[in-house]
Amino acid sequence: MIGLNDYAPIVGQEVIDQLQRLAERLGPRRFIHVNSTRAGGGVAEILYRAVPLLQQLGLDVKWEVIHGDQKFFEITKAMHNALQGYKVHLSPAMLDHYREINRENARKFTWESDFVLVHDPQPAYLINFLRPQAKHWIWRCHIDASRPERHVWKFLQEIVSQYEASVFSMSQFAQNLPHPQYLIRPSIDPLSEKNRELTTAEVQEVLDRLEIERDKPIILQVSRFDSFKDPVGVIEAFRMVRRHTPCKLVLAGGEAIDDPEGPRIFAEVMEAAKDEPDIQILLLPPDAHHEVNALQRAADIIVQKSTREGFGLTVTEAMWKGKPVIGGAVGGIVLQLRDYTTGFLVHSPEGCAFRIRYLLHRPEMARRMGKMAREFVRQHFLTTRNIRDYLTLMILRENPTERIMEL
Amino acid sequence: MKISPDQPAENPFAFRECFLMPMPIGKKAINLRELLQAVRELDESVLYYHIFQSRLAIAQPGEEYPNEFARWAATALQDIKLAEKLSSFDPFDYDNLAQVRQAVVDILEEYLWDIPYVPWARSGFEFYFCEASTVVMRSQIRADTLLKFCESLRKVGLDSMYYHFFEARWRLGVRKADDFSFWIETNFGLPELVAAIRGIDIYFYSLREIRDTLLGLIHQHLGELCDRTQ
């Protein structure tokens, strides 16, 4: 079992010591996370490691998952898209179903807690049924809600306003809410199967199994097959690069059980990529962490050409592997990539093609940017920082009137 | 003046740790005029965040600009001339945040006065205002000799560097000097070392660079002493 001390060689012993001191000051609080899936997507990945680490720090932590039928997840996916700005219509019957599934889930939860952190819209309505069971209710929004669709946001705003605070991944996602809003940037786990160091043989084994030859530079995008990730735009960019420079494109898409749109987008991608032997499309299961790790380490350039993005953890993962990353200039990608330092931001398939060519012709520059990217992630986006933020947030919420809390 | 590395301090140095939780306030600026208006009106805590605290919250490696206004001018407005002006202003030249605010307002006003257009941020690069809540914790790391002080500097996080060089000076309004040089001065004298530490161009350096520079200075002044901590 991975323990806190295993992170010391990566982040430094002082960071681990600090977490222990902070947790001691906080004391043994009960802390519950609620989300809608145990596998697939960035939230589940964060919780998978954060929960046991918080337990090791002496907190009594539970991770609860709400269950729902396909209709419920279609509704919450529509909410998710609406928060990201898409026009969607949710009928009164759909909203009733959303409330009803939350009510059914609430019946199963008998815990009592000091803190509850409810992740994203799916379980947000639980507060209506469970409020007395916890002292502090905090809503954690992982979605790019910078320009939400008005009707859906009004519906959610009423629910979220009942929480005592909310947490967003970026300052631009903050909303007009009657309570304090905090910023906690997401994180990746450097010891997880998706991010741990791999040997050359391990990488090669995955490439062999997935039938990817390393005969040309590999351009990679790893993301769910979702229109906001613009996989078709990546194929367009690749085709432009290919006119000048030999390379191959790998699009590796995971599926998440809360995403009913996946299959349709996947079909569109297959159509765009047909008759092109240097494009490989991989539909990977949600637990293909080892494969994703190997693909990222084998890639020469990693792309994340999103048109909307919460934070973009795939960018963080790629940076951690010391790769130059080209990302769409949206959401958290803007925060992570700085032109010529830690990556490139692009605004179009043409821009993406231009930067791919730029890096393919300047391997030394690509290496230097990858190295800087890794250091940036080490300092700001690893699990240990997320744990520290949770502890700090709890201390602040227990003393809500203090802006500077001296312990 | 020679002192023993084990000479005890009258008052041990108690390192503090500083945990920052940024709090977006839901306001943004999409052009320079809006930034100016916001700098005039927003709470000092917001100004403080973007001029000082943001370097603890997040900083790119090799960050070129010392505050977020300068960086925004360069990357979002793509106006290097303005970025140069905002980078060269030093908030440590002023006694309080009201004066710092006025200095930033003056730079922005003068700049807008001289140009026939209002620079706009490119899409996706709007300036989002934040403030922060802070948890300050007395660390268990204490130094009662210079030898231990050197050891401790390597053990504490960058947040401690931030706290003792920035937070204590501004937020708590204690004194002009940083905590480290004040402690060395009041416990050991060592005027040359104290002057050298106070001469560090801290606003321009990253927190990591400040720590390395500080260790370098102590090493230079007390070579033998510092070597024993390696």
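Residues numbered from 1 in each chain as written. Chains lettered and ligands numbered in written order. Predicted model: local features only at pLDDT ≥ 70, side-chain atom pairs only at ≥ 80, totals over all residues.

Novice: Whenever I open this one, the overall build of chain B confuses me. Can you help?
Specialist: If you tally the helices and strands in chain B, you get 11 helices and 2 strands. The order of helices and strands in chain B, counted from the N terminus, is β-α-α-α-α-α-β-α-α-α-α-α-α. Here the C-alpha coordinates of chain B stretch approximately 65 × 30 × 30 Å along the principal axes. Considering only residue pairs separated by 6 or more positions, chain B has 72% of its internal contacts joining residues 24 or more positions apart. (Helix = DSSP H or I, 4+ residues; strand = E, 2+ residues; numbered from the N terminus. Contact = placed C-beta atoms within 7 Å.)

Novice: Help me out: how do you make sense of the domain arrangement of chain B in this one?
Specialist: By a frequent convention, interface size equals the accessible area lost on bringing the separate parts together. Residue and element names in this part refer to chain B. For chain B, the domain assignment lists domain 1 (13–18 + 140–227) and domain 2 (19–130). Domain 1 and domain 2 are separated by 28 Å when their C-alpha centres are compared. The residue inventory of the side of domain 1 that touches domain 2, partitioned by class, reads 7 nonpolar, 1 polar and 2 charged. (Domains from an automatic or database assignment. Nonpolar A, V, L, I, M, F, W, Y, C, P; charged D, E, K, R; others polar.)

Novice: Sorry if this is basic, but what is going on with the sheet that holds strand β5 (residues 165–168) of chain A here?
Specialist: Paired through backbone hydrogen bonds, the strands of a sheet run either parallel or antiparallel to each other. Residues and elements named next belong to chain A. Strand order in the open sheet formed by 6 strands is β2-β1-β3-β4-β5-β6, with parallel pairing between adjacent strands. The sheet terminates laterally at β2 (60–65) and β6 (181–183), the two strands that pair on one side only. Mean inter-strand twist for the sheet, computed between neighbouring axes without regard to direction, equals 25 degrees. Here β5 runs beside β6; their pairing, made up of 3 bridges, is parallel. From the neighbouring strand, Phe 168 faces β6, where its bridge partner is Leu 183. (Pairing = 2+ DSSP bridges. Axes fitted to C-alpha atoms, helices over the stretch in contact; angles between N-to-C directions.)

Novice: Help me out: how do you make sense of the sheet that holds strand β11 (residues 325–328) of chain A in this one?
Specialist: All names here are of chain A. One open sheet holds the 6 strands; their spatial order is β9-β8-β7-β10-β11-β12, and the pairing between them is parallel. Pairing within the sheet leaves two strands with one partner each, and these edge strands are β9 (279–284) and β12 (343–346). The average angle at which neighbouring strand axes cross in this sheet is 20 degrees, direction not considered. Pairing of strand β10 (residues 301–304) with β11 involves 3 bridges; the strand directions are parallel. Note on β11: the bridge partner recorded for Val 303 is Ile 326.

Novice: Before we go on, may I ask you to explain the interface of chain A and chain B in this structure?
Specialist: On the side of chain B, 28 residues touch chain A, which itself brings 37 residues to the contact. Sorting the residues of the side of chain A that touches chain B by element identifies α2 (13–26), β6, α15 (363–380), α16 (383–398) and β13 (404–406) of chain A as the ones contributing at least two each. Among the residues forming the side of chain A that touches chain B, the class breakdown is 18 nonpolar, 10 polar and 9 charged. When β13 of chain A meets strand β2 (residues 127–143) of chain B, the two strands line up parallel, connected through 3 bridges. If you follow Met 405 of chain A over to β2 of chain B, its bridge partner there is Val 135 of chain B.

Novice: In this structure, what is going on with the domain arrangement of chain A? I would like to understand it.
Specialist: Residue and element names in this part refer to chain A. If you check the domain split of chain A, you get domain 1 (4–187 + 382–398) and domain 2 (200–380). One C-alpha centre belongs to domain 1, the other to domain 2; they are set 28 Å apart. The partner domain 2 presents 22 residues to the 23 residues of domain 1 that form the contact. With 5 residues, helix α4 (residues 70–83) is the largest single contributor of residues to the side of domain 1 that touches domain 2. Per-class residue counts for the side of domain 1 that touches domain 2 are 7 nonpolar, 11 polar and 5 charged.

Novice: How should I be thinking about the nonpolar core in this particular structure?
Specialist: Buried together is how nonpolar side chains tend to be arranged in soluble globular proteins. Counting residues in each nonpolar core, the largest one holds 185 residues, and the members touching the most others are Val 116, Ile 138, Ile 219, Leu 220, Leu 295 and Ile 356 of chain A together with Tyr 162 of chain B. Other than its neighbours up to four places away in sequence, Tyr 162 of chain B contacts Cys 18, Leu 56, Glu 167 and Leu 207 of chain B. (Core = buried A, V, L, I, M, F, W, Y, C linked by C-beta atoms within 7 Å. Buried ≥ 20, exposed ≤ 12 C-beta atoms within 10 Å, placed from the backbone.)

Novice: Explanation requested: the packing of helix α9 (residues 231–242) of chain A against helix α14 (residues 349–360) of chain A in the structure shown.
Specialist: Each pair of packed helices can be described by the angle between their axes along with the distance between the axes. All names here are of chain A. In the contact formed by α9 and α14, the axes pass within 8 Å of each other and the chain directions differ by 50 degrees. It follows from the interaxial angle that α9 and α14 lie oblique. Handedness of the crossing formed by α9 with α14: right-handed. Every residue of α14 that contacts α9 at Gly 233, Val 234, Glu 236, Ala 237, Met 240 and Val 241 is listed here: Pro 349, Glu 350, Cys 352, Ala 353, Ile 356 and Arg 357. Residues that form the contact of α9 with α14 fall into these classes: 8 nonpolar, 1 polar and 3 charged. (Parallel < 35°, antiparallel > 145°, perpendicular 65-115°, else oblique. Left-handed = near helix turned anticlockwise from the far one by under 90°.)

Novice: When you look at the packing of helix α9 (residues 191–198) of chain B against helix α10 (residues 207–221) of chain B in this model, what are you seeing that I'm missing?
Specialist: All names here are of chain B. In the contact formed by α9 and α10, the axes pass within 10 Å of each other and the chain directions differ by 160 degrees. The angle between the axes of α9 and α10 places the two elements in the roughly antiparallel class. The handedness of the crossing between α9 and α10 comes out as right-handed. The residues of α10 that touch α9, namely those facing Glu 192, Leu 193, Ala 196 and Ile 197, are Leu 214, Leu 217, Ile 218 and His 221.

Novice: How should helix α8 (residues 179–188) of chain B be read in this particular structure?
Specialist: Residue and element names in this part refer to chain B. Considered for burial, the residues of α8 that qualify are Asp 179, Phe 180, Ser 181, Trp 183, Ile 184 and Asn 187. Buried residues belonging to α8 abut β1 (13–29), α7 (158–170), α9 and α10. Just past α8, the residue Gly 189 takes up positive phi, approximately 80 degrees.

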